[in-house]
Amino acid sequence: MNNETNQWQQHIGTVWASLLSNHSLNRLGTIVEIGPGFTDKIGRGLAKLQFRGNLYILEPNEMALEWVVQRYETLLPHATIVAVNSTTRNSCTVFPGGVEAILMNHVLDDMILYAGLLPAIQQSIFSQIRPGESCLSQVKNTWQALLEDTKYLSEIKDEVLTDLCNLINHADARILGMSQYKSWFLLQNELEEADLIGNRLLCDIATHFGDMSVEDKNILRSNGQDPQAWLFIEKENVFETLDNKFKVILQTAGNKLY
Ligand SMILES: C[S@@+](CC[C@H](N)C(=O)[O-])C[C@H]1O[C@@H](n2cnc3c(N)ncnc32)[C@H](O)[C@@H]1O
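None of these values were measured; they are calculated from a predicted model.

Novice: I'd like to hear about the overall build of the protein chain, residue by residue, with values.
Specialist: Counting secondary structure elements, the protein chain contains 12 helices and 6 strands. Sequence-distant contacts in the protein chain: of pairs separated by 6 or more residues, those separated by 24 or more amount to 81%.

Following this line, the structure appears as structure tokens:
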């Protein structure tokens, strides 16, 4: 990891720590992180808060999972790291209900890409997606093909959303946190449209869940982040109608969300 990448990981980790701290994270609780890949931003944030609870890492890529488990064991020596080598699909029963938080940093676009790849190449492609490294031609080609086939893209997005909603419903988390800020990687590789799709998905989810608190928005702004590119909500505020809200999201997924 070069210096610039390292600084970025640290910066985003600090943003996560500030948000979680603002919601009095129970550092002995159970957290589920979805799709870290070869990154440790959320882990760095949790380390700042001296997290020592259970951390489930849901990551379908074997190499990335191995990397991140090792990294998190160093960063969070008092936490219990549980590796879950799976996607959001059918993984609900792996962790207990009533978790403290579900967190995902810039994963929505990758969930769509992953679902759009042939199963035979999902592992090899995502083993090679590392922060600060150049874009694989297969990633570019797959995104271009997906962007041209709007019907297929829409089906995939619905699947991603359904799987995610099922998982969130099952986990019944106190805190739900997602980021989908503009990606330098996608920008550099002329894949801004892929980024827009991820961002729109997050914004639409946020629309259905209600707005973030002013305090959280200020935390994001003071860290140079666009509040519209993040979703950070606490159960007491908006989760009580989670089921209904997700029903609305699912019903409208085909035509309204994108
Ligand atoms: C490449 S990383 C990038 C996101 C990373 N968290 C960051 O901060 O940059 C995204 C990871 O999401 C994983 N992924 C893709 N689809 C997923 C799904 N449905 N459930 C869980 N993880 C998924 C991929 O295997 C990949 O390692």
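Novice: Explain the site of the ligand residue by residue, including any values.
Specialist: Taken together, the neighbourhood of the ligand is formed by 21 residues, with G35, G37, T87, D110 and Y114 sitting nearest. Looking at the shell around the ligand, the element that brings in the most residues is helix α4 (residues 108-116), giving 3 residues. A class-by-class count of the residues in the shell around the ligand yields 10 nonpolar, 8 polar and 3 charged.

Novice: Talk me through the nonpolar core; I want residue IDs and the actual numbers.
Specialist: By size, the foremost hydrophobic cluster in this structure holds 65 residues, and its most contacted members are V32, I102 and L231. Each residue touching V32, except ones within four places of it in the same chain, is listed here: Y56, L58, F95, V99, I102 and A171.

Novice: Go over the sheet that holds strand β5 (residues 175-179), please, and point to the residues and values.
Specialist: In space, the 6 strands of this open sheet follow the order β3-β2-β1-β4-β5-β6, with mixed pairing throughout. In the strand order of this sheet, the two ends are held by β3 (80-84) and β6 (230-234), each with one partner. The mean angle between the axes of side-by-side strands here comes to 15°, regardless of whether they run parallel or antiparallel. Here strand β2 (residues 54-58) runs beside β3; their pairing, made up of 5 bridges, is parallel. Residue pairing in the sheet places N54 in a bridge with T80 of β3.

Novice: Pulling in residues and values, what's your account of the environment of N54?
Specialist: Within the element layout of this structure, N54 appears in strand β2. The sequence separation of N54 and V82 amounts to 28 residues, and the corresponding C-alpha distance is 7.2 Å. When near neighbours in sequence (up to four residues on either side) are disregarded, N54 contacts T30, T80 and V82.

Novice: I'd like a description of the environment of Y72, backed by residues and values.
Specialist: Tracing the sequence through the fold places Y72 in helix α3 (residues 62-75). Those residues in contact with Y72, other than ones at most four positions away along the chain, are D40, G43, L55 and I81.

Novice: Can you explain helix α1 (residues 3-22)? Please cite residues and give values.
Specialist: Compared with the 28 Å implied by 1.5 Å per residue over 20 residues, the 29 Å span of α1 between its first and last C-alpha is a close match. Residues of α1 that are buried: Q9, I12, G13, V15, W16, L19 and L20. The arc that holds the buried residues of α1, viewed along the axis, is 155°, so those residues lie on one side. In α1, the exposed residues that point more than 90 degrees away from the buried face are N3, E4 and Q7. Looking at the buried side of α1, the elements it contacts are α2 (41-48), β4 (101-105), β5, α10 (214-222) and β6.

Novice: Quick rundown of the packing of α1 against α10? Include the residues and the values.
Specialist: Packing of α1 against α10 leaves a shortest axis separation of 10 Å and a crossing angle of 160°. With respect to α10, the axis of α1 lies roughly antiparallel. The way α1 lies across α10 gives a crossing that is right-handed. Contact residues: α1 offers V15, S18, L19 and N22, while α10 offers E215, D216, I219 and L220. Classifying every residue of the contact of α1 with α10 gives 4 nonpolar, 2 polar and 2 charged.

Novice: Mind laying out unusual backbone geometry, listing which residues take part and the relevant values?
Specialist: Even without being glycine, Q50 reaches a positive phi, approximately 55°. Tracing the backbone shows Q50 in the loop between α2 and β2. Non-glycine residue H106 carries a positive phi angle of around 50°.

Novice: Describe α2, listing the residues and the values that go with them.
Specialist: Summarising burial for α2: 6 of the 8 residues are buried, a large majority. Taken together, the buried positions of α2 are occupied by K41, I42, G43, R44, G45 and L46. Turning to α2, the residues buried within the fold contact α1, β1 (30-34), α3 and β4. After α2 finishes, the residue Q50 shows a positive phi value of roughly 55°.

Parameters and conventions
Residues numbered from 1 in each chain as written. Predicted model: local features only at pLDDT ≥ 70, side-chain atom pairs only at ≥ 80, totals over all residues. Helix = DSSP H or I, 4+ residues; strand = E, 2+ residues; numbered from the N terminus. Contact = placed C-beta atoms within 7 Å. Near = placed C-beta within 6 Å. Nonpolar A, V, L, I, M, F, W, Y, C, P; charged D, E, K, R; others polar. Core = buried A, V, L, I, M, F, W, Y, C linked by C-beta atoms within 7 Å. Buried ≥ 20, exposed ≤ 12 C-beta atoms within 10 Å, placed from the backbone. Pairing = 2+ DSSP bridges. Axes fitted to C-alpha atoms, helices over the stretch in contact; angles between N-to-C directions. Expected span 1.5 Å × (residues − 1). Arc of directions from axis to C-beta. Parallel < 35°, antiparallel > 145°, perpendicular 65-115°, else oblique. Left-handed = near helix turned anticlockwise from the far one by under 90°.

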